[in-house]
Amino acid sequence: MGDVLAGFHAAWEFESDSVLIRYERGIRTPKLFQTLGERRVPLEAIEGVTLTPGRRGTVVLRAELRPGADPLLEAAAGQLKESGDPYRLVLPAERETLAEYYADELRAQLTESGLAERHLVAAPEAPLQFKAYDGKASFDGTAVSFRWFWTGASSAKWKAGDQRFPMSELSGVEWRSPEVFEGHLRLLRRDAAGPAGQADQDPAAVVFGLGYGPVHESLPFAAAVLAAVRNCAPVPAVSTARARRDPADIADRIRHLGELHQAGLVTDEEFSSKKAELLAEL
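My aim in this report is to walk through the structure given alongside it, one point at a time. Here the structure is a predicted model, which means the values were calculated and not measured. (Residues numbered from 1 in each chain as written. Predicted model: local features only at pLDDT ≥ 70, side-chain atom pairs only at ≥ 80, totals over all residues. Heavy atoms only, no water.)

### Digging into the overall build of the protein chain
Helix and strand counts for the protein chain come out as 7 helices and 14 strands. Within the protein chain, the proportion of its 282 residues that are buried is 43%. Accessible area of the protein chain: about 15200 Å², with a carbon and sulfur share of 50%. (Helix = DSSP H or I, 4+ residues; strand = E, 2+ residues; numbered from the N terminus. Buried < 20%, exposed > 50% of the residue type's maximum accessible area, 1.4 Å probe, protein only. Areas by Shrake-Rupley, 256 points an atom, 1.4 Å probe, with all protein chains shown as cover.)

### A short note on the sheet that holds strand S5 (residues 46-53)
An order of S5-S6-S7 is seen for the 3 strands of this open sheet, with the pairing classed as antiparallel. Taken across any chain shown, the strands that pair with only one partner, and hence form the sheet edges, are S5 and strand S7 (88-92). The sheet shows a mean angle of 15 degrees between the axes of neighbouring strands, taken without regard to direction. Sheet topology places S5 next to strand S6 (residues 58-65); 7 bridges connect them, and they run antiparallel. Counterpart to Ile46 in the pairing with S6 is Leu65. Helix H3 (residues 96-107) contacts S5, S6 and S7 of the sheet and is inclined by roughly 165 degrees relative to S5. (Pairing = 2+ DSSP bridges. Axes fitted to C-alpha atoms, helices over the stretch in contact; angles between N-to-C directions. Contact = heavy atoms within 4.5 Å.)

### Focus: the pattern of salt bridges
Going through the model one piece at a time under the given rule, you end up with 15 salt bridges. Note that Glu44 and Arg118 form a salt bridge whose closest N and O atoms lie 4.0 Å from each other. Placement of the pair is Glu44 in the loop between strand S4 (38-42) and S5 and Arg118 in the loop between H3 and strand S8 (128-131), with a sequence separation of 74 residues. Arg186 is paired through a salt bridge with Asp202; the nearest N and O atoms lie 2.7 Å apart. Taken together, the positions of Arg186 in strand S13 (residues 184-189) and Asp202 in the loop between S13 and strand S14 (205-207) put the pair 16 residues apart, joining distant regions of the chain. (Salt bridge = Lys/Arg side-chain N within 4 Å of Asp/Glu carboxyl O.)

### Looking at the packing of aromatic side chains
Each aromatic ring pair is specified by the distance between its two centres and by the angle formed by the two planes. Tallying each qualifying case throughout the model produces 10 aromatic pairs. On the numbers, 5.0 Å between centres and 90 degrees between planes, the contact of Phe130 with Phe221 is edge-to-face. Taken together, the positions of Phe130 in strand S8 and Phe221 in helix H5 (residues 215-230) put the pair 91 residues apart, joining distant regions of the chain. Look at Phe130 and you get buried, because its relative accessible area is 2%. (Phe/Tyr/Trp six-rings, centres within 6.5 Å; stacked < 30°, edge-to-face > 60°.)

### Quick word on the nonpolar core
With 63 residues, the main nonpolar core has Ile46, Phe146, Leu185, Leu187 and Val225 as its most contacted residues. A per-element tally of this core places H5 first, with 10 residues. Phe146 has contacts with Lys136, Ala137, Asp162, Gln163, Phe165, Leu185, Leu187, Pro203, Ala204, Ala205 and Val206, leaving out every residue within four places of it along the chain. In this structure, Ile254, Leu257, Phe271 and Leu278 belong to the second largest nonpolar core, which totals 5 residues. (Core = buried A, V, L, I, M, F, W, Y, C linked by side-chain atoms within 4.5 Å.)

### What about the environment of Leu188?
Position of Leu188 relative to the elements: it lies in strand S13. Sequence separation between Leu188 and Val173 is 15 residues; the distance between their C-alpha atoms is 5.5 Å. In this structure, Leu188 is in contact with Glu169, Leu170, Ser171, Gly172, Val173 and Glu174, ignoring residues within four places of it in sequence.

### Examining the side chain of Arg186
Judged by its relative accessible area of 7%, Arg186 falls in the buried class. From its side chain, Arg186 meets the backbone oxygen of Gly197 in a polar contact 3.1 Å long. At 2.7 Å, the side chain of Arg186 forms a polar contact with the side chain of Asp202. (Polar contact = N/O pair within 3.5 Å; in protein donor to acceptor, adjacent residues only side chain to side chain.)

### A few points about the layout of surface pockets
A volume near 380 Å³ is recorded for the second largest pocket. Around the second largest pocket sit 16 residues that line it, and His9, Thr58, Ser83, Arg88 and Val90 are the ones nearest its centre. Breaking the lining of the second largest pocket down by element, the ones donating at least two residues are S6 and S7. By residue number, the principal contributor to the lining of the second largest pocket is S7, which donates 3 residues. Its residues placed into classes, the lining of the second largest pocket shows 6 nonpolar, 4 polar and 6 charged. (1 Å grid on protein atoms, 1.4 Å probe; cavity = no way out; pocket = protein on both sides within 12 Å on 5 of 7 lines; lining within 4 Å. Points joined across faces, edges and corners; volume = space filled by probe spheres on them. Nonpolar A, V, L, I, M, F, W, Y, C, P; charged D, E, K, R; others polar.)

Here it is in structure tokens:
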């Protein structure tokens, strides 16, 4: 086909084996679309195409992806708002006939349906990071790291210390949109002994809040981690030598540890042990 159909916020380029979706960077374009930039969707990842009336004199062309074909949609688990669906192309109603033509042409090339055995759409690339309410999450392609904020992290997370999870230790990701109550990102561990508790008490989770972990940052992060877990290969051995930490950061952590100790949330033994660990990082 090789033609381009441009709508609001995006343009679809129809190629022989895929659809290349390029998102605009305008101020009115959803931030998630701007973060994604573009998505190449192989035809084998698409199982259907719909064309429906939209709002205020528009029509909506939508590609329906096979379950499991896109790590972004799999991580989102149906929580994206309609306006945030990256596979909806909104067009003026006067372009309905043209959109219908492309929909028919695309349907004629589709041959696959049902659950995809592997991800067919590429995940966002690492490195990625975002700020949650209680910590900073980072992903370098091989491991996820959580660094706790003394202003937001629970005493349980401070006791556990900063966390690092190689892909080989994980079985998946649980993302709960920051636009709903108790939004969070939780890493699912292979060796989990039982059901996970509250996200604010779980060292394998970061919690969202107003202005923290927005969809356009935390969802691509979750999708990238999920894809890496699925494609997990043995992680090369790394040096066990500790990197030197910022003395000011260590001092802040010891100060907060002391506050927890004075409040009775940390025992004398725990305080001494954790303080020694932090001092050893200098």
